[in-house]
Amino acid sequence: MSVKAYLHQNQIQDSKGYGKYYAYADNDTPITLEGLADHMAHHNTPFSKGTIIGILKDMVSCIRELNLSGQPVKIDGLAIFSTHIENKGGWATLADVSLSMGGENDNIQALRLCAQATGEFTKAELTKYGSVLLNRYWREQVQAAKKAAGKADDDTTPETPTPTPSTGDNGDNGNTGGNGGNTGGDNGSDNGEGPDNN
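Residues numbered from 1 in each chain as written. Predicted model: local features only at pLDDT ≥ 70, side-chain atom pairs only at ≥ 80, totals over all residues. Heavy atoms only, no water.

Undergrad: Which residues make up the overall build of the protein chain, and what values go with them?
TA: A count of helices and strands for the protein chain gives four helices and seven strands. The linear arrangement of helices and strands in the protein chain, starting from the amino end, is β-β-α-α-β-β-β-α-β-α-β. By residue count, 23% of the 198 residues in the protein chain fall in the buried class. Here the contacts in the protein chain between residues at least 6 apart in sequence split such that 56% fall between residues at least 24 apart. Accessible surface, the protein chain as shown: approximately 14300 Å² in total, 53% of it carbon and sulfur. (Helix = DSSP H or I, 4+ residues; strand = E, 2+ residues; numbered from the N terminus. Buried < 20%, exposed > 50% of the residue type's maximum accessible area, 1.4 Å probe, protein only. Contact = heavy atoms within 4.5 Å. Areas by Shrake-Rupley, 256 points an atom, 1.4 Å probe, with all protein chains shown as cover.)

Structure below.
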């Protein structure tokens, strides 16, 4: 199993990474809840696709209800789902505090979902068992560039090791959301110096 990737050259002239290439995940169209249920139904489960869809829909609804009540939900081996508050500029004094939300002059701008990876979805675990493979276009571009530069094309995709059963939660240090991040953003491998999007 490999994560497909494409390359993007940083064009921000005042960036330390200007001119450098960075790898970004070249993800396919997301699988829907129905698609996930269909996938699960083919994994030797006694449950039908329809039963799985019903369970997953109920799970989504319950996570939302609990999160909006201030209760984080931890799904072992996946993530901790919680609700965070987006502030705008802060209140100057306690007397200025107002909990109205979403207006132009409101400090509290929005509530948002955060997902903090746990177990097999922490950064360390994904890095350990995953691999990256350039899509065909960029693979050909890299091969041609290496050939022109007289460099050996030694960039082979490592064999993905077989995952071992988790004996517990490997810590909650694989934050994909956190207090200031977002869920699912592609930050690349450039420590913030590469482009933010395609």
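Right, picking up where we left off after that structure.
Undergrad: If you had to explain the packing of aromatic side chains to someone new, which residues and values would you point to?
TA: Under the criterion given, the structure shown has three aromatic pairs. With a centroid separation of 6.4 Å and an interplanar angle of 65°, the aromatic rings of Tyr-21 and Trp-138 are classed as edge-to-face. Of the two residues, Tyr-21 is situated in strand E2 (residues 21–25) and Trp-138 in helix H4 (residues 136–148); the sequence distance between them amounts to 117 residues. Each ring, one from Tyr-137 and one from Trp-138, has its centre 5.2 Å from the other, and the planes form 85°; the classification is edge-to-face. By relative accessible area, Trp-138 is classed as buried at 19%. By way of ring pairs, the aromatic residues Tyr-21, Tyr-137 and Trp-138 are connected into one cluster. (Phe/Tyr/Trp six-rings, centres within 6.5 Å; stacked < 30°, edge-to-face > 60°.)

Undergrad: Tell me about the sheet that holds strand E1 (residues 3–9), and please be specific about residues and values.
TA: The mixed open sheet is built from three strands, whose spatial order is E2-E1-E6. In this open sheet, the two strands that pair with only one neighbour each are E2 and strand E6 (132–134). Going from strand to strand, the sheet's axes swing by 45° on average, the running direction of each strand aside. One ladder, built from five bridges, connects E1 with E2; its direction is antiparallel. Paired with Ala-5 across the bridge in E2 is Ala-25. Each of E1, E2 and E6 is contacted by H4, which is oriented at about 80° to E6, the strand it contacts most. (Pairing = 2+ DSSP bridges. Axes fitted to C-alpha atoms, helices over the stretch in contact; angles between N-to-C directions.)

Undergrad: Which residues make up the pairing of strand E4 (residues 79–87), and what values go with them?
TA: The sheet contact formed by strand E3 (residues 73–75) and E4 spans three bridges and is antiparallel. Within E4, the position partnered with Lys-74 by the bridge is Ile-80. Pairing of E4 with strand E5 (residues 108–117), which is carried by nine bridges, proceeds in the antiparallel orientation. Following the sheet pairing, Ile-80 is matched in E5 by Gln-116.

Undergrad: Mind laying out the nonpolar core, listing which residues take part and the relevant values?
TA: Soluble, globular proteins show a tendency: their nonpolar side chains are buried together. Listed in full, the eight residues of the largest apolar core are Ala-5, Tyr-6, Leu-7, Tyr-22, Tyr-24, Leu-134, Trp-138 and Val-142. Those elements that place two or more of their residues in this core are E1, E2 and H4. Among the elements that make up this core, the one with the highest residue count is E1 (three residues). Of all hydrophobic cores here, the second largest spans five residues; its members include Ile-63, Val-73, Ala-79 and Phe-81. (Core = buried A, V, L, I, M, F, W, Y, C linked by side-chain atoms within 4.5 Å.)

Undergrad: How would you sum up the pattern of salt bridges? Please name residues and give values.
TA: Under the counting rule described, the total for this entry stands at three salt bridges. Between Asp-28 and Lys-4 there is a salt bridge, and its shortest N-O distance comes to 2.9 Å. Highlighted residues: Asp-28 in the loop between E2 and helix H1 (33–41) and Lys-4 in strand E1, separated in sequence by 24 residues. Between Glu-86 and Arg-112 there is a salt bridge, with its nearest N and O atoms 3.5 Å apart. Residue Glu-86 is located in strand E4, and its partner Arg-112 is located in strand E5; the two are separated by 26 residues in the primary sequence. (Salt bridge = Lys/Arg side-chain N within 4 Å of Asp/Glu carboxyl O.)

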